[in-house]
Amino acid sequence: MSPQALDLVIIGNGAAAAEAALAARAAGYRGELDLFADNPHPPYNPMLGPYYVSGAIPLRHCFPFGGLEFYDRSRIRVHLDEKVVRLTPSEKRLTTDGGAEYAYGTCLVASGAQTAFPPIPGLDSPGVYGLRSCDDAVRLKEAVVLATARATREGGRPRALVLGASFAGLKVADALHLAGMDVCIVEKEPSVLPLSVHPDCGSLIERHVREQGHELRLGVTIDTIEVEEGRLVARLGDAVSRDGAGNASAPSVAQADLLVVCTGARANLAFLAGSEVDAEAGLIVDEHLMTSVPGLYAAGDVAQAIDPLSGSHQVVALWANARRQGRTAGRNLAGLHAEDPGCVSCNIQKVGDLLFASAGSMQEYDRLDVRPESGGLTAWAYRDGRLAGFNLLGDASPAGPLACALARGRSVNMAEAASAAGWARRIAWMSSNAG
């Protein structure tokens, strides 16, 4: 039997997928648009999951495009809970977990990412969670409620472990703390936010995290996870953490009611295993978000697009980037020739009462300028005479325009501005006078 023929297919139902469908319709595409998702939900924003877990917002607020009516409103023929398990780009065919086979004309892969669990024995135990999908958030919320009820019965407080002092890890730790849990953050590197933070900013953040009531164990690995009497027991490695005075303070065991893994994400691309599409951490795409196979596009957390700073291909797993790439891909699915301008990773996050922003690279530089600023700290990294990355701790208001300047390759040197506010004014002037 010949597979059912489809015209335009989108795999996934996150931000990139939703924006692509809307952009294709807005660009004039009038044909059938089929979307396949491995879940039964409307497009979900994983950035809002921690707020749901903390109790700050209800679950319905995690669906920024609305409820299931979004699909009908956008004239999408949706295949919910119909997971794509095989995509053969050379034949333009896909197979779902129900055994259905389809042929397609053009396809966008926007299947998102999932938590990357490190290879730690016992990390598959009950009580260990990721926090990427809607179902992840619901499961973690239920676990918090159960742990709280148990601790109340026993006259204690519920306790959580967070593995990874990443942006996600610190955000999850705050959410669990707001939900009434004691929190211990375990990080194998000697600093919080090890990929993004200058050590001076990192030290201030670490002190503040501890002042907020979190236990912070840096330079510590988890060797194994065991379950004893319904609770998790994490056995720590040989590295030691630092307390606020820089002293070694690493007990060999940490106990908790639950553990959340925040050590990174992995693109959902198992259905392309063994295919001819060029891929590394994600699918390699050009400025039109087309992969190495004509007619196959990628956007969002699965797309490894051109980094305007280095010229290499990078995955930028940010909600705003997924939306922008989705819009670009959608226009191209409709037959236009839109180009993606590229994206510099920029994170702005509240850590307790502190506001911290980071963009670009703080790892590779030939000049560094660190100074007190607006009650906080700024760090500016330069490479070959140009701004390559920055940290803003305290006043993060210039982060957006500065990240845009990085992405567009604008030359900005420190002599032109003496403060973070000065940078913002300088970028605003350049934008208003751009030709």
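In what follows, the structure referred to is the one given above.
Residues numbered from 1 in each chain as written. Predicted model: local features only at pLDDT ≥ 70, side-chain atom pairs only at ≥ 80, totals over all residues. Heavy atoms only, no water.

Thoughts on the overall build of the chain
Thought 1: A count of helices and strands for the chain gives 9 helices and 27 strands.
Thought 2: Computed over the C-alpha atoms, the radius of gyration of the chain is 23 Å, within 12% of the 22 Å expected from 2.2 N^0.38 for a compact globule of 435 residues.
Thought 3: Summarising its shape, the C-alpha atoms of the chain cover approximately 65 × 60 × 35 Å along the three principal directions.
Thought 4: A burial count over the chain gives 50% of its 435 residues as buried.
Thought 5: If you take every contact in the chain between residues at least 6 apart in sequence, the share linking residues at least 24 apart comes to 61%.
Thought 6: With an accessible surface of roughly 19100 Å², the chain has 51% of that area assigned to carbon and sulfur atoms. (Helix = DSSP H or I, 4+ residues; strand = E, 2+ residues; numbered from the N terminus. Rg over C-alpha atoms; globule rule 2.2 N^0.38 Å. Buried < 20%, exposed > 50% of the residue type's maximum accessible area, 1.4 Å probe, protein only. Contact = heavy atoms within 4.5 Å. Areas by Shrake-Rupley, 256 points an atom, 1.4 Å probe, with all protein chains shown as cover.)

Side note on the side chain of S191
Thought 1: Considering the arrangement of structural elements, one finds S191 in the loop between β12 (182-187) and α6 (199-211).
Thought 2: Among the residues examined, S191 registers a relative accessible area of 16% and is labelled buried.
Thought 3: A polar atom in the side chain of S191 sits 3.5 Å from the side chain of E206.
Thought 4: Not counting residues up to four positions away in its chain, the partners in contact with S191 are V197, G202, E206 and L218. (Polar contact = N/O pair within 3.5 Å; in protein donor to acceptor, adjacent residues only side chain to side chain.)

Remarks on the pairing of strand β14 (residues 222-228)
Thought 1: With 6 bridges joining them, β14 and strand β15 (residues 231-236) adopt antiparallel strand pairing. Bridge assignment links E228 to a residue of β15, and that residue is R231. (Pairing = 2+ DSSP bridges.)

Considerations on the nonpolar core
Thought 1: In this structure, I10, L87, L108 and V109 are the most contacted members of the largest nonpolar core, which totals 50 residues.
Thought 2: When residues of this core are assigned to their parent elements, the largest contribution, 7 residues, is made by helix α1 (residues 15-26).
Thought 3: If near-sequence neighbours (up to four positions away) are discounted, V109 is found in contact with I11, L87, L269, F271, L272, L283, L296, Y297, A298, A299 and V302.
Thought 4: Core analysis: the next-biggest nonpolar cluster, separate from the first, contains 39 residues, A173, I185, V192 and F356 among them. (Core = buried A, V, L, I, M, F, W, Y, C linked by side-chain atoms within 4.5 Å.)

With respect to the side chain of T291
Thought 1: Locating T291 in the fold gives a position in the loop between β19 (283-284) and β20 (296-298).
Thought 2: Relative accessible area serves as the criterion here: at 7%, T291 is assigned to the buried category.
Thought 3: If near-sequence neighbours (up to four positions away) are discounted, T291 is found in contact with V277, L283, I284, V285, L296, Y297 and A298.

Digging into the packing of aromatic side chains
The geometry of two aromatic rings is summed up by the distance between their centres and the angle between their planes.
Thought 1: Applying the stated criterion across every chain, the model contains 6 aromatic pairs.
Thought 2: Judged by centre distance (5.2 Å) and plane angle (65 degrees), the rings of F36 and Y102 are edge-to-face. Of this pair, F36 sits in strand β3 (residues 33-36) while Y102 sits in strand β7 (residues 101-103), and the two are 66 residues apart along the sequence. The two residues F36 and Y102 agree in class, both being buried.
Thought 3: With centroids separated by 6.1 Å and ring planes inclined at 20 degrees, the aromatic side chains of F167 and F356 adopt a geometry described as stacked. Of the two residues, F167 is situated in helix α5 (residues 167-178) and F356 in strand β24 (residues 354-360); the sequence distance between them amounts to 189 residues. (Phe/Tyr/Trp six-rings, centres within 6.5 Å; stacked < 30°, edge-to-face > 60°.)

Examining the sheet that holds strand β8 (residues 106-109)
Thought 1: The sheet built from 5 strands is open, its strands ordered β4-β3-β2-β8-β20 with parallel pairing. The two strands at the open ends of the sheet, each matched to only one other strand, are β4 (77-79) and β20. Strand-to-strand, the axes of this sheet are offset by a mean angle of 20 degrees, without reference to chain direction.
Thought 2: Bridge count for β3 against β4 is 3 bridges, and the pairing is parallel. In the strand pairing of β4, D34 is matched with R77.
Thought 3: Helix-sheet contacts for helix α7 (residues 319-333) involve β2 (8-11), β8 and β20, and the interaxial angle to β8 is about 175 degrees. (Axes fitted to C-alpha atoms, helices over the stretch in contact; angles between N-to-C directions.)

Some points on the state of the cysteines
Thought 1: Counted under the stated rule, the structure contains 0 disulfides.
Thought 2: Here C262 stays unpaired: no disulfide links it, and the sulfur of C184, its closest cysteine neighbor, is 13 Å away.
Thought 3: Look at C262 and you get buried, because its relative accessible area is 7%. (Disulfide = S-S within 2.5 Å.)

Some remarks on the sheet that holds strand β1 (residues 4-5)
Thought 1: Spatial strand order, β1-β7-β6-β5: 4 strands in an open sheet with mixed pairing. Sheet topology places β1 and β5 (84-88) at the edges, where each strand pairs with a single neighbour.
Thought 2: Pairing geometry for strand β6 (residues 93-96) and β7, over 3 bridges, is antiparallel. Bridge assignment links R93 to a residue of β7, and that residue is A103.

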